[in-house]
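Chain by chain, the residues:
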Amino acid sequence: STTVTYDATLPSSATTGAYTNTVEVVSYASHPDHGDTYDKVPPAQATVTVGDTKADLAIVKTPSGSTTPGSRWTFTMAVSNLGPSDAEGPITVTDELPDGMTFVAEGADWTCFPYDQTVYCVYFDDLPAGDKAPDLTLTVQIAATPDNAMYRNVASVESLTVDPNPDNNESSATVTVAPVPVPPD
């Protein structure tokens, strides 16, 4: 009798459910007086059940620097899936714009829908474990505010897959409105 042990890894795209592996063993013996013999052992099965999939999404928001009153300003958000499972799409970023900022446009690969001061941006594909979604770039209009005003802007990310670590699902950026340069007299 021989015991054979092996490890198997399910892909990160595995969904909730039962996975069964079936093994069949056939032995062969050659005997000078009796000829060749084959023995077939009844199949053995091992079943593993996969529970809820989990995908740790993270977001990092990066501002493009300072701006001036009445101008446009751009910031970029990087969304990544730290695993262990694939994140089922759609992936949604919710960006709460502060008063004084108005949504203008989004970059490629994401579709954004503004509603009052909230912008909902959707990436419709699944996001595999260990991968990063295409960067989300938003352009906003800055109100004609007083010089040195500061705006803090917060965005969060979520998907249909359970996130085991909500601590990295939110990121913020602060923009300072610089004085408009005054030409010399």
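Located above this text is the structure these notes cover.
Residues numbered from 1 in each chain as written. Predicted model: local features only at pLDDT ≥ 70, side-chain atom pairs only at ≥ 80, totals over all residues. Heavy atoms only, no water.

Undergrad: Account for the pairing of strand 4 (residues 72-84), naming residues and giving values.
TA: In the sheet, strand 3 (residues 55-63) pairs with strand 4 via eight bridges, with the strands oriented antiparallel. Paired with Ala58 across the bridge in strand 4 is Ser80. As defined by bridge partners, strand 4 adjoins strand 9 (residues 136-142) across six bridges and the pair is classed as antiparallel. Residue pairing in the sheet places Phe75 in a bridge with Leu138 of strand 9. (Pairing = 2+ DSSP bridges. Helix = DSSP H or I, 4+ residues; strand = E, 2+ residues; numbered from the N terminus.)

Undergrad: Quick rundown of the sheet that holds strand 3? Include the residues and the values.
TA: One open sheet accounts for four strands, arranged 3-4-9-6; its pairing is antiparallel. Of all strands in the sheet, those with a lone pairing partner are strand 3 and strand 6 (101-106), marking the two edges. Each strand of the sheet is rotated relative to its neighbour by a mean of 30°, with strand direction disregarded. (Axes fitted to C-alpha atoms, helices over the stretch in contact; angles between N-to-C directions.)

Undergrad: Tell me about the state of the cysteines, and name the residues and values.
TA: Inspection of every chain in the model, using the stated rule, returns one disulfide. The residue that forms a disulfide with Cys112 is Cys121, at a sulfur-sulfur distance of 2.1 Å. Where Cys112 bonds to Cys121 through sulfur, the torsion about that S-S bond is close to 110°, and the disulfide is right-handed. Of the two residues examined, Cys112 and Cys121, each falls in the buried class. (Disulfide = S-S within 2.5 Å. Buried < 20%, exposed > 50% of the residue type's maximum accessible area, 1.4 Å probe, protein only.)

Undergrad: Requested: an account of the environment of Pro84, with residues and values cited.
TA: Mapping Pro84 onto the fold places it in strand 4. What makes Pro84 exposed here is its relative accessible area of 61%. Residues Pro84 and Asp163 lie 79 residues apart in sequence; the distance between their C-alpha atoms is 10.0 Å.

Undergrad: I'd like a description of the sheet that holds strand 7 (residues 111-115), backed by residues and values.
TA: Spatially, the five strands line up as an open sheet ordered 7-8-5-10-11, and their pairing is antiparallel. The sheet terminates laterally at strand 7 and strand 11 (170-176), the two strands that pair on one side only. Averaged over all adjacent pairs, the angle separating strand axes in this sheet is 20°, with direction ignored.

Undergrad: Any details on unusual backbone geometry? Residues and values, ideally.
TA: Of note, the amide linkage connecting Gly83 to Pro84 takes the cis form, showing an omega dihedral of 10°. Put simply, Gly89 and Pro90 share a cis peptide bond, and its omega is 10°. Within the fold, Pro90 resides in the loop between strand 4 and strand 5 (91-96). Even without a glycine there, the phi angle at Asp109 is positive, about 75°. In this model, Asp116 sits at a positive phi of 55°, which is unusual for a non-glycine residue. Along the chain, Asp116 falls in the loop between strand 7 and strand 8 (118-123). On the accessibility criterion, Asp116 (68% relative accessible area) is exposed.

Undergrad: Help me get a handle on the packing of aromatic side chains, residues and values and all.
TA: If you walk through the whole model with that rule in mind, you get two aromatic pairs. Summarising the aromatic geometry, the rings of Trp73 and Phe75 are spaced 5.1 Å apart at their centres and angled 45° between planes, so their arrangement reads as tilted. In this pair, the class of Trp73 matches that of Phe75, namely buried. Ring centres of Trp110 and Tyr123 lie 5.5 Å apart, and the angle between their planes is 40°; this geometry places the pair in the tilted category. Residue Trp110 is located in the loop between strand 6 and strand 7, and its partner Tyr123 is located in strand 8; the two are separated by 13 residues in the primary sequence. Looking at Trp110, the relative accessible area reads 3%, which means it is buried. Classification of Tyr123 by relative accessible area gives buried; the value is 12%. (Phe/Tyr/Trp six-rings, centres within 6.5 Å; stacked < 30°, edge-to-face > 60°.)

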